[in-house]
Structures are given as structure tokens and as C-alpha cells.
Amino acid sequence: MKLPKSKRKVSLVLGGGGARGLTQIGVVKYLNENGFEVDEVVGCSIGALVGAAVVRNRTNELREWMETLTKRDVFRLMDFANPRYGLLKGDRVLERLHEVFSDIAIEDLPVRYAAIATDLRNEEEVIFRTGSLYTAIRASMAIPGVFTGVTIGERFLVDGGVLNNVPVNHVQHQNNLVIAVNLDGLPEPKGNKMPRLGTIGLLQESYYVMRRKMSAMNLAVFKPDYTISVSQDSAGIWEFHRSNELIERGYQLAKEIIEA
């Protein structure tokens, strides 16, 4: 499908979802290979990280790093913290990121970028459009109970997905083609019966249903031109060792949706 030249500039919205976010690298690869120019990125959680690689023009380097990760490597990146504040500090991930791209002030980036976090104290979204790129990523990825939150002044920041996991409403270039990657897609069908769940499984499934509904409502209201949905059960939060498979899945999903 050929689009008018004026519509080949893209505002890319990248949602949160742990290792499923690797599919977003495949989406970016498809866009780059097919003449689309990403000139705005709005990211949440893992989407803030992948989006940062996009605006730094380092997605190939991020892909190469991810493709080397084994289960053991993923475990080694887990810097355990005081469990009162979160299981992990998240510092080791940022340290390794230096091998992919260095920190920079967001306002100095060549492409417009925003990362979404949640201020638990004031119960509101926080949009990073200035300041340290690393701080924005770290705050946006601070999954409650997993990574320790980030304190900035009077704000206590955690994962942006708490309030807005697919932040389409924060796109500023309204004349662009808006492409959203939703990592909260419906699970693959497994028959009509509800699986038997324990207490933890029931809480987790309830949380996922809530997130899917919130994401679906946001997409229905703000209507991106294309929504690439990745099924929520396609990968667990820590399955970064499946990078090759997930990146290829993202590429194929982008191809199917945009060329449909």
C-alpha cells in the first residue's frame, strides 16, 4: 500500500508489556524498510526504552544486544533491592544501556520524544519531554512491586502503564500517520473454559483484564491510524531470551496490519 508522501511521517506510540516490547523493534524495522520516517515517539514502560533507541537511531544496536541475552543474562541484570520498596533497583539495566546509547537531554534529541510515568502520590500522569533521557526511561519502567519507584521532588513515580499503557493521547504531531503498538492485545483463544487459577493467578488475570480494557478504551477514543496489537500471552514479562522470535513477530504484525 502506497501512502501520500505527507502521510509517511509517523508518530509512533509504544506501549508497555515487558519482553513483549521486543516486538516493537520488529515494527520499527518494518517501518524503516518501507519508507516511513518516525519523527515523534511517545513511549510507556518498555516502549519508553525502545522509543529512546529509535530517537537515538540505535535500534539495530538494541536488537543486537537483546539477541545475545540468555535466561542467565536476564537474571544477572536483576539487582535486588529492599523488598519494602520493590524487588529490583533497575540500575544494572541502565548501566548496560550505556553500551547501546548514552544519556542525553530529551530537548536535545533530533526527534520529538515523550515518556509517560505515573505519579502515585498525586494520582496523575507525568510526561517527560525535557531532562535526562535515562531518568525518563527509569521512571516510566518502574513496575510497582518489581522496580523501585523514582522520587523527583514531591513526586513518587512508577510505571506509566498504571494509568495509560498506550498513550496515544500525548501525540503532538497531529498531521502525522499515528501508529500505536498495543502490547495488551487479547490472548490467543484456548477454548471456552476458564482455566483453574490459584490466588496469584486470579489476581494476575484480573489485572490483565483491567489493563486490556483501559488500553482498548484509550485506543477507541483517540483512534490511531493503525493499531498493531500483540497478544498479552505471547511472552512473559522476563522472556527477553526470546528476542529473535518476538522481533520477527513484531515485523510480521506490522506488515499484516499496514499492508492489509
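Treat the numbers as computed from the prediction; the structure is a model and nothing was measured.

Asks: When you look at the packing of aromatic side chains in this model, what are you seeing that I'm missing?
Replies: Note on aromatic pairs: each is described by the distance of the centres and the angle between the planes. One pass over the structure, following the stated rule, counts 3 aromatic pairs. Geometrically, the ring pair formed by Tyr30 and Tyr251 is edge-to-face, given 5.6 Å between the ring centres and 80° between the ring planes. With a gap of 221 residues between them, Tyr30 in helix H1 (residues 23–33) and Tyr251 in helix H8 (residues 243–259) connect regions that are remote in the sequence. There is no split in this pair, since Tyr30 and Tyr251 are both buried. Seen from their ring centres, Phe101 and Tyr134 are 6.1 Å apart, and the 75° between their planes marks the pair as edge-to-face. You can see Phe101 sitting in the loop between helix H5 (91–97) and strand S3 (112–119) and its partner Tyr134 sitting in helix H6 (residues 133–140), a full 33 residues away along the chain.

Asks: Sorry if this is basic, but what is going on with the side chain of Asn218 here?
Replies: Summarising the element assignment, Asn218 is placed in helix H7 (residues 199–222). In contact with Asn218, other than residues within four places in its own chain, are Asn164, Val166, Pro167, Val168 and Asn169.

Asks: Whenever I open this one, the pairing of strand S1 (residues 9–14) confuses me. Can you help?
Replies: In regular strands, side chains alternate between the two faces of the sheet. Of all 6 residues in S1, 5 are buried, a share of seventy percent or more. The pairing of S1 with strand S2 (residues 37–44) spans 6 bridges and is parallel. When the sheet's bridge partners are listed, Ser11 is paired in S2 with Glu40. Looking at chain direction, S1 and strand S7 (residues 177–185) are connected through 5 bridges and run parallel. Looking across to S7, one finds that Val13 is bridged to Ala180.

Asks: Where do I start with the pattern of salt bridges in this structure?
Replies: Where side chains of opposite charge bring their charged atoms close, a pairing between them can arise. As enumerated under the stated definition, the model contains 10 salt bridges in all. With a closest N to O distance of 3.8 Å, Arg20 and Asp184 form a salt bridge. In this pair, Arg20 sits in the loop between S1 and H1 while Asp184 sits in strand S7, placing the two residues 164 residues apart along the sequence. For the pair formed by Arg20 and Asp184, the shared burial category is buried. Between Arg242 and Glu245 there is a salt bridge, with its nearest N and O atoms 2.5 Å apart. By relative accessible area, which is 44% here, Glu245 ends up partly exposed. Shared partners join several salt bridges into a network, and the residues in it are Arg20, Asp184 and Arg211.

Rules and cut-offs
- Residues numbered from 1 in each chain as written.
- Predicted model: local features only at pLDDT ≥ 70, side-chain atom pairs only at ≥ 80, totals over all residues.
- Heavy atoms only, no water.
- Phe/Tyr/Trp six-rings, centres within 6.5 Å; stacked < 30°, edge-to-face > 60°.
- Helix = DSSP H or I, 4+ residues; strand = E, 2+ residues; numbered from the N terminus.
- Buried < 20%, exposed > 50% of the residue type's maximum accessible area, 1.4 Å probe, protein only.
- Contact = heavy atoms within 4.5 Å.
- Pairing = 2+ DSSP bridges.
- Salt bridge = Lys/Arg side-chain N within 4 Å of Asp/Glu carboxyl O.

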